Amino acid sequence: MKKMSRNVLLQMEEEDDDDDGDIGDVPASRRPFLTPHTHLPSSLVLENLGQTIIPDLGSLESQHDFRTPEFEEFNGKSDSLFFNDGQRRIDFVLVYEDESRKETSKKGTNEKQRRKRQAYESNLICHGLQLEATRSVLDDKLVFVKVHAPWEVLCTYAEIMHIKLPLKPNDLKNRSSAFGTLNWFTKVLSVDESIIKPEQEFFTAPFEKNRMNDFYIVDRDAFFNPATRSRIVYFILSRVKYQLINNVSKFGINRLVNSGIYKAAFPLHDCKFRRQSEDPSCPNERYLLYREWAHPRSIYKKQPLDLIRKYYGEKIGIYFAWLGYYTQMLLLAAVVGVACFLYGYLNQDNCTWSKEVCHPDIGGKIIMCPQCDRLCPFWKLNITCESSKKLCIFDSFGTLVFAVFMGVWVTLFLEFWKRRQAELEYEWDTVELQQEEQARPEYEARCTHIVINEITQEEERIPFTAWGKCIRITLCASAVFFWILLIIASVIGIIVYRLSVFIVFSAKLPKNINGTDPIQKYLTPQTATSITASIISFIIIMILNTIYEKVAIMITNFELPRTQTDYENSLTMKMFLFQFVNYYSSCFYIAFFKGKFVGYPGDPVYWLGKYRNEECDPGGCLLELTTQLTIIMGGKAIWNNIQEVLLPWIMNLIGRFHRVSGSEKITPRWEQDYHLQPMGKLGLFYEYLEMIIQFGFVTLFVASFPLAPLLALVNNILEIRVDAWKLTTQFRRLVPEKAQDIGAWQPIMQGIAILAVVTNAMIIAFTSDMIPRLVYYWSFSVPPYGDHTSYTMEGYINNTLSIFKVADFKNKSKGNPYSELGNHTTCRYRDFRYPPGHPQEYKHNIYYWHVIAAKLAFIIVMEHVIYSVKFFISYAIPDVSKRTKSKIQREKYLTQKLLHENHLKDMTKNMGVIAERMIEAVDNNLRPKLE
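Residues numbered from 1 in each chain as written. Predicted model: local features only at pLDDT ≥ 70, side-chain atom pairs only at ≥ 80, totals over all residues. Heavy atoms only, no water.

A. Molecular detail of the overall build of the protein chain. Within the protein chain, the secondary structure is distributed over 27 helices and 21 strands. Residues classed as buried in the protein chain amount to 53% of the 931 residues present. Of the contacts made within the protein chain by residues no fewer than 6 positions apart, 78% connect residues no fewer than 24 positions apart. When the accessible surface of the protein chain is summed, it comes to about 44000 Å², and 58% of that surface belongs to carbon and sulfur atoms. (Helix = DSSP H or I, 4+ residues; strand = E, 2+ residues; numbered from the N terminus. Buried < 20%, exposed > 50% of the residue type's maximum accessible area, 1.4 Å probe, protein only. Contact = heavy atoms within 4.5 Å. Areas by Shrake-Rupley, 256 points an atom, 1.4 Å probe, with all protein chains shown as cover.)

B. Up close: the UniProt feature "transmembrane region" (unreviewed entry) in the protein chain. In the numbering used here, UniProt assigns the "transmembrane region" (unreviewed entry) feature to residues 319-346, 397-417, 480-507, 527-548, 575-593, 691-714, 748-768 and 846-867. Along residues 846-867 one finds 100% helix and 0% strand; the C-alpha atoms at either end are 32 Å apart. (UniProt positions renumbered as here; feature names shortened; annotations may be inferred.)

C. Spotlight on the packing of aromatic side chains. Scanning all chains against the criterion turns up 59 aromatic pairs. Between tyrosine 326 and phenylalanine 413 the ring centres are 5.5 Å apart and the planes differ by 45°, which places this aromatic pair in the tilted class. Of this pair, tyrosine 326 sits in helix H10 (residues 314-346) while phenylalanine 413 is found in helix H13 (residues 397-427), placing the two residues 87 residues apart along the sequence. Arranged with centres 5.2 Å apart and planes meeting at 35°, the rings of phenylalanine 804 and tyrosine 842 form a pair that is tilted. Residue phenylalanine 804 is located in strand S20 (residues 801-805), and its partner tyrosine 842 is located in the loop between strand S21 (826-830) and helix H26 (846-876); the two are separated by 38 residues in the primary sequence. (Phe/Tyr/Trp six-rings, centres within 6.5 Å; stacked < 30°, edge-to-face > 60°.)

D. Region of interest: the pattern of salt bridges. For the coordinates displayed, the defined rule picks out 30 salt bridges. The residue glutamate 568 makes a salt bridge to lysine 315 at a minimum N-O spacing of 2.0 Å. Taken together, the residues span a long stretch of sequence, with glutamate 568 in helix H18 (residues 564-592) and lysine 315 in helix H10 at a distance of 253 residues. For the pair glutamate 568 and lysine 315, a shared accessibility class is recorded, and that class is buried. Ionic pairing is found between arginine 830 and aspartate 769, a salt bridge with its closest N-O pair at 2.6 Å. Taken together, the positions of arginine 830 in strand S21 and aspartate 769 in the loop between helix H23 (745-767) and helix H24 (770-780) put the pair 61 residues apart, joining distant regions of the chain. Overall, the relative accessible area of 31% leaves arginine 830 in the partly exposed class. Residue classification places aspartate 769 among the buried positions, given a relative accessible area of 9%. A cluster of three or more residues bridged by salt bridges with shared partners is formed by Glu199, Glu285 and Lys310. (Salt bridge = Lys/Arg side-chain N within 4 Å of Asp/Glu carboxyl O.)

E. Fine view of H26. Compared with the 45 Å implied by 1.5 Å per residue over 31 residues, the 45 Å span of H26 between its first and last C-alpha is a close match. Regarding H26, the residues found buried are Tyr847, Val851, Lys855, Phe858, Ile859, Met862, Glu863, Ile866, Lys870 and Ile873. Looking at the buried positions of H26, the neighbouring elements they touch are H13, H23, H24 and helix H25 (796-800). N-capping of H26 is provided by asparagine 845, with a side-chain oxygen placed 3.2 Å from the backbone N of tyrosine 847. (Expected span 1.5 Å × (residues − 1). Polar contact = N/O pair within 3.5 Å; in protein donor to acceptor, adjacent residues only side chain to side chain.)

F. Up close: the packing of helix H9 (residues 305-312) against H10. For the pair H9 and H10, the least separation of the axes is 7 Å and the interaxial angle reads 150°. Taken together, the axes of H9 and H10 lie roughly antiparallel to each other. Judged by the sense of rotation from one axis to the other, the crossing of H9 with H10 is right-handed. Across from Leu305, Ile308, Arg309 and Tyr312 in H9, the residues of H10 making contact are Glu314, Ile316, Gly317, Phe320 and Ala321. (Axes fitted to C-alpha atoms, helices over the stretch in contact; angles between N-to-C directions. Parallel < 35°, antiparallel > 145°, perpendicular 65-115°, else oblique. Left-handed = near helix turned anticlockwise from the far one by under 90°.)

G. Focus on the state of the cysteines. For the structure on display, the rule yields three disulfides. Put simply, cysteine 358 and cysteine 385 are joined by a disulfide, and their sulfur atoms are 1.9 Å apart. Around the S-S axis, the bridge from cysteine 358 to cysteine 385 shows a dihedral of about 105° and counts as right-handed. Of the two residues, cysteine 358 sits in helix H11 (residues 352-358) while cysteine 385 sits in helix H12 (residues 385-394), which places them 27 residues apart along the sequence. The residue that forms a disulfide with cysteine 369 is cysteine 827, at a sulfur-sulfur distance of 1.8 Å. When the S-S torsion is 90°, as for the bridge of cysteine 369 with cysteine 827, the disulfide is right-handed. One end of the pair, cysteine 369, is in the loop between strand S12 (367-368) and strand S13 (379-380); the other, cysteine 827, is in strand S21, and 458 residues separate them in sequence. Residue cysteine 271 stays outside any disulfide, its sulfur separated by 4.9 Å from that of cysteine 282, the closest cysteine. (Disulfide = S-S within 2.5 Å.)

H. Inspection of the environment of proline 878 at higher detail. For proline 878, the location among the structural elements is in the loop between H26 and helix H27 (882-930). Take proline 878: its relative accessible area is 39%, and that puts it in the partly exposed class.

I. Quick look at the confidence of the model for the protein chain. On average, residues of the protein chain score 80 in pLDDT, and 81% of them are at 70 or above. Below a pLDDT of 50 lies the segment residues 1-5, which in the model reaches six contacts outside its immediate sequence neighbourhood of four places, other chains included. Contacts from residues 12-38, a stretch scored under 50 in pLDDT, to residues over four places away or in other chains number 111 contacts. (pLDDT = per-residue confidence, 0-100.)

J. Representation of the sheet that holds strand S4 (residues 92-97) within the structure. In space, the five strands of this open sheet follow the order S3-S5-S6-S4-S11, with mixed pairing throughout. Looking at the sheet topology across the chains shown, the edges are occupied by strand S3 (70-71) and strand S11 (264-266). In this sheet, strand S6 (residues 142-148) lies alongside strand S5 (residues 130-135) in antiparallel orientation, the contact comprising six bridges. Residue pairing across strands places alanine 133 opposite valine 145, the latter belonging to S6. (Pairing = 2+ DSSP bridges.)

Right, here's the structure in full:
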């Protein structure tokens, strides 16, 4: 038995010390995994490793059969991407700290870690990978292990992973643009093709070793691009074992990094981002991306999506394609939103009801009832003059038009994005990605239960039984529900804060407008309460976000999804559900609950039996909702940019400061990349989450803030370049990953789009005063209900404020200590009720029922109209364009034809040879008999 041809696993009875929970452990004999024998058929590669005989290596001191990487000194070529021989390309880098040079007293722990690492590297070599180790130039404790995958290994695992590779050049011509006259404009916005050359298009098919001659292999070194090579190597690194404890195997580079045995594992950038490589064979793709994509001077240019996909993989590429398309569509929404805002701004002087609020003989003489018990004073209506002027800007007819427009816009965006996504699926060879995706190592590790597949009727392994799955789902759902309840509790806390602090502000802030103090015009008790509550709400949101991110990851790890796509979709739904409640709950409260259930001054409604419910300003709660949205959107954008830009930059700056003593030394490419910041596996997930939350603000509450699309547009233009700068300059190169679409974010956006129609209709109906104003204008300003001879808005304020008799106050608010406004027998409050002395005093009047009927009718009409338009647009715009369908069908046809014809040729050739041999044999047998 040759020891060097099989796996080397440590057999130890000691307790394992790298319990990070990242990857599960199972009996080695019960889990299918990789095989080191790359000459085996690819269909057997994933099955044979678990069946490989594991030798008993005895004690730690007696194990001398590790295969170790070659140690080489750095050759001084800082831009080299190859081993010292200059021939073998570096596909991955592993970094560890030499245990013999660690300044620590834990010798036993260091020895264990060294043995695990040696076993792992030995098994990598057994699997066909080639390793070369080099000690750090700046820190002699660090060792860099460079990994190279030979041609045979790449071909074997390309077939296992169903990687699509070129068959022949694409012969379909690109359709010329319909806007030929605008070519000069598009050239200005596009990347110069002389700098970033367009990628040659190919027809592709899943790679098969036995049909290698059918594939378009011009140069073996270029057939697998660097991103594909790194992806294949990472697939192997994630599945190779390194230890056996009580017949339970440990495996995977993720576990080794998490437990500190390796400090990092990453593919290399191809050059520095500020200058090109000295190596003439280097494509300098990182430099080109920085210059034409991440640099501020390229902010107006289109993104080089094909190069982004080639360098970082389809998963990164599809994110930037979606973000760019979303930003383009926001341009139209921003233009319409600004137009509606300007309409309201220019017409605010014609706002009759605002003039009545500010008029000293109307608003100045209307005495409003106290809005809380004991401490709140009577107050004059005209102290809300400035807020009523601002409200005229947002609560106008333009808001209604914009809300209807946004309902249509979001449908257009989603439908056209589906078409664009279908084009990218074809161009980037991800049309049949679901057939390619492999199970996660964490899932494979727990496949201990054997069941019969209903379709194939063959045995297959699953991680848990149906009962175990039910238990996991129940526990995960309970945990998510608990955290949502926690958020709701925090929202209730904010409401209690609003109710209690409003009393304080009402007592402390001035009761009358003093013309010499301009601050008094804006700092009303309502405004002060709204702003401080919004800031506190934002702080609580960010704190809960930080905590729940970790909780959601733990819950999803426990749930154990099968593939990486399933994992991210599961985490996406949990995180978005949490974020939806976290970010939007306060906005829903202001829009649909605040001021809706307050009763009237003589019989107020109390929250928790103690706090009197909040009331809106005489103009409604729309302005407060606008304030809340502005603070949360603005604060979130500032906070995210601080996290995304400043933190990585500061960390890298600190790292450079610590390395300044050795800065005069020439450092290799792998050491330069090691000192960049690592980007977690969920780094892209948080980018999506940030944008989807913004998408919710732009669509769900846009009726209260028409400038939201403009703010989102400016933020996204910067976000694209900030993310690009971050990836190309501050972070290590990510392991390229495949992605067919944006995953669970697509149905989430569709759900938001449906909900947005309802929320905007209800905001206009119940939060703004548009419907009451229209009802007054068309019905109550003229006889039989009104006194005016023509339709007008004059008298609207007086008509919408009900009268209350001070003598009817209950003891809690009777005997108010504030008497600055004089002794009054009546006060006014915002509601539609009969006055005192009426047979139905303090009951809702006819105006109230007219308004309710109009609101309900408006919601039904608006929803049905927009939903009808949305349905028509969705039906009229196919998800896949006719051109893309033709390309997909053409590729399938040519692929089948090419592979089938070649297969027939091989069969015919083989049959011909067999027939010739048979004829020759028969001839040889018959000839002697005839003679």
